[in-house]
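Spelled out, the chains give:
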Amino acid sequence: MRTTPLPVCHISAGVPVLVGASAGHFWFSDLKRMASGRILCCVGTLPDKPADPGHSARVLFSDDRGQTWREHPEQIIPGASNISLPDGRLLILPARVKPVSPGGRREARGEGAILREAPDGGLSVEATEVTFRGFPFDLEHNHLSGAIMFRLAVCSNALPLNDGRLLITPYGRIAGEDKVNIFAMTSDDGGFSWQYLSTVATWRDYSESDGPLSIGTQYVGPNESNTVRLSDGRIMCVFRVGTRVPYGRAFSSDDGLTWSKPDRTNGPWSVMPRMVRLENGLIALVGGREGILVWLSPDGDSWEQFNLAAQHNAAFPDATLHYSDRVLQMQQRGPLHETTSYNGIVALGPDELLVSYDRLGNGLDGSPGPNGPVDAVFAVRVKAERR
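None of these values were measured; they are calculated from a predicted model.

A. Quick look at the sheet that holds strand E7 (residues 70–71). With respect to topology, 4 strands assemble into an open sheet ordered E4-E5-E6-E7, the strand pairing being antiparallel. Here the strands that pair on one side only, and so sit at the sheet edges, are strand E4 (27–33) and E7. Pairing analysis gives 5 bridges linking E4 to strand E5 (residues 39–44), with the strands arranged antiparallel. By the bridge assignment, Asp30 is partnered in E5 with Cys42.

Below you can see the structure in the form of C-alpha cells.
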C-alpha cells in the first residue's frame, strides 16, 4: 500500500481490484456487508432515469475482504438502505415506494429483499414488504410505467439509535411542491415498518445568497443523505444539495426528533455521500463529482481529502482503464462522464475501509464509447491510521 501523510492520519490504499465489467450500463455501485463478513457489491444496469417499479441490480460478492469477486446469478431489487437482521440475514429496503391504498397519500409500501447465505455458498433472495407510515402531510404522486408511485426515495443508511430503534433519512416531495425535503423515519421492528419522526432539511433552507445551489443542474432541494453518530453523541446527517457544490449537513442531539438549522460542509462535495465511523474515531466519507474522493474527519467539521482516482491510476496496471487528468483534477464537465462519483463504502476493521467506484466507457449513454468498450466497477482497500 502507498501511504500518504495527512494531519489527522496516515492514509494508504492498495491495488484496485476489478469487481466486474460490462458493455451497456454497469455503474452506481454500492457495498453491503453481511453478518458473516461477506461483502456484496450491487451494480446498476439501466440508464439514469426514474426506475421502473421492477428495476433490479446485478450482485457480486466477495468472501475475502474484496480481493476476489463472483456474481450471484439472480438480480435483486436495488436499494441503498440495508439492515443486518439478528439471524444473519440482510434486509434491503425498497428504493421506490407506492401508496398502501389506492389514492392514499400518507402511507407507503414497497418491495424489499431479504438476502441469506445459501448452503452452497451462494445467496438466496426473498421478497418482503416494507411500509412507511405516519406522514403529517400528503406526498406527491409519480407515475412510472403505468404504476402510481410516491416521490419518496429511500437511499440513506440505517443508523442504530440509543433506544434500539433504527433511523433512516429518505427524501421526497410534499404534494403541491416542486422540490424535495429530507425526512427522518424510525423503525422499532428491525426495519420492516417505518414511522415519520421529523424533517431534517427542506428546500427552503438554502438560497443562492448562501452560495451556489447547483452547478450545471437544476436545484431540486436537499436529497441523497447519510447519517453518522459523532463522538459527542450527536447525529450528523450529510446530504446532497446540488451538483458540484459542497454537501449540506444538519445535527440532532435527541436521536432525530429535532435538527439544527442546516448548513454546508467545509470541503466535501457533491453527490450521494456515504459515510462510516471507524473504531479509531475517524469519520470516512466518499463522494465527488467532480472526482472520486475520500474525506476523513475526527469531528465532522474539519475534513482532509484523499484523491482515489489518482491512486487508481498509480496502482492499477491496465492503463486503458485509467482516468483522464480531468477526473484527477476534478474538472470533468459535460455528458461524457468517466465516473458517476457514486461510490460504496464498508468498514473492514478498526482503521480499514473497502471503497467501490466506477469507470464509464461512454458517459451517461452506456458503453462502448470514446473512453472504452465497457463500464467497469472497482474495489480498493483503504487504511486510515490515526496519528
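B. Structural detail: the sheet that holds strand E27 (residues 292–297). On the basis of which strands lie adjacent, the open sheet formed by 4 strands has the order E25-E26-E27-E28 and antiparallel pairing. A strand with exactly one partner marks an edge of an open sheet, and here the two such strands are strand E25 (274–277) and strand E28 (304–307). Across the sheet, the mean angle separating the axes of adjacent strands is 20 degrees when strand polarity is ignored. Bridge analysis of E25 against strand E26 (residues 283–288) gives 4 bridges, and the strand direction is antiparallel. Bridge pairing in E26 links Val276 to Ala284. Here helix H1 (residues 308–315) sits on the sheet and contacts E27 and E28; the angle it forms with E28, its principal contact strand, is near 35 degrees.

C. Spatial organisation of the packing of aromatic side chains. Tallied over the entire structure, the rule returns 13 aromatic pairs. Taking 5.6 Å as the distance between ring centres and 85 degrees as the angle between the ring planes, the aromatic pair formed by Phe137 and Tyr196 counts as edge-to-face. Remark: Tyr196 occurs in strand E20 (residues 193–201) and Phe137 occurs in the loop between strand E12 (123–133) and strand E13 (141–144); sequence separation between them is 59 residues. Since its relative accessible area comes to 14%, Phe137 is described here as buried. In this structure, Lys179 packs its charged tip against the face of Trp203, placed 5.3 Å from the ring centre. One Lys or Arg, Arg234, reaches over the ring of Phe251 and ends 4.5 Å from the middle of that ring.

D. Structural detail: the nonpolar core. Core analysis: the biggest nonpolar cluster contains 28 residues, and Leu296, Leu308, Leu353, Val355 and Val382 have the highest contact counts within it. Among the elements that line this core, the one with the most residues is strand E31 (residues 375–386), at 5 residues. If near-sequence neighbours (up to four positions away) are discounted, Val382 is found in contact with Ile11, Ser12, Ala13, Leu308, Asp351, Glu352, Leu353 and Val355. In this structure, Ala80, Leu161, Val200 and Phe239 belong to the second largest nonpolar core, which totals 24 residues.

E. View of the side chain of Glu177. As for its position among the elements, Glu177 is in the loop between strand E18 (171–172) and strand E19 (181–187). We classify Glu177 as buried; its relative accessible area is 19%. There is a polar contact of 3.1 Å between the side chain of Glu177 and the side chain of Trp203. Among the polar contacts listed, one links the side chain of Glu177 to the side chain of Arg204, at a separation of 3.4 Å. Apart from residues lying up to four places away in sequence, Glu177 is in contact with Trp203 and Arg204.

F. Main features of the pairing of E26. When you tally the buried positions in E26, you get 6 out of 6 residues, the bulk of the element. With burial as the criterion, each face of E26 is covered, one bearing Ile283, Leu285 and Gly287 and the other bearing Ala284, Val286 and Gly288. Between E25 and E26, which pair antiparallel in sequence order, lie 5 residues; one of them, Gly281, sits at a positive phi of approximately 95 degrees. Judged from the 6 bridges that link them, E26 and E27 form a sheet pairing that is antiparallel. Looking across to E27, one finds that Ala284 is bridged to Leu296. The antiparallel hairpin formed by E26 and E27 contains 3 residues in its connecting segment, where Arg289 sits at a positive phi of about 80 degrees.

Analysis parameters
- Residues numbered from 1 in each chain as written.
- Predicted model: local features only at pLDDT ≥ 70, side-chain atom pairs only at ≥ 80, totals over all residues.
- Heavy atoms only, no water.
- Pairing = 2+ DSSP bridges.
- Helix = DSSP H or I, 4+ residues; strand = E, 2+ residues; numbered from the N terminus.
- Axes fitted to C-alpha atoms, helices over the stretch in contact; angles between N-to-C directions.
- Contact = heavy atoms within 4.5 Å.
- Phe/Tyr/Trp six-rings, centres within 6.5 Å; stacked < 30°, edge-to-face > 60°.
- Buried < 20%, exposed > 50% of the residue type's maximum accessible area, 1.4 Å probe, protein only.
- Lys NZ or Arg CZ within 6 Å of the ring centre and 35° of its normal.
- Core = buried A, V, L, I, M, F, W, Y, C linked by side-chain atoms within 4.5 Å.
- Polar contact = N/O pair within 3.5 Å; in protein donor to acceptor, adjacent residues only side chain to side chain.

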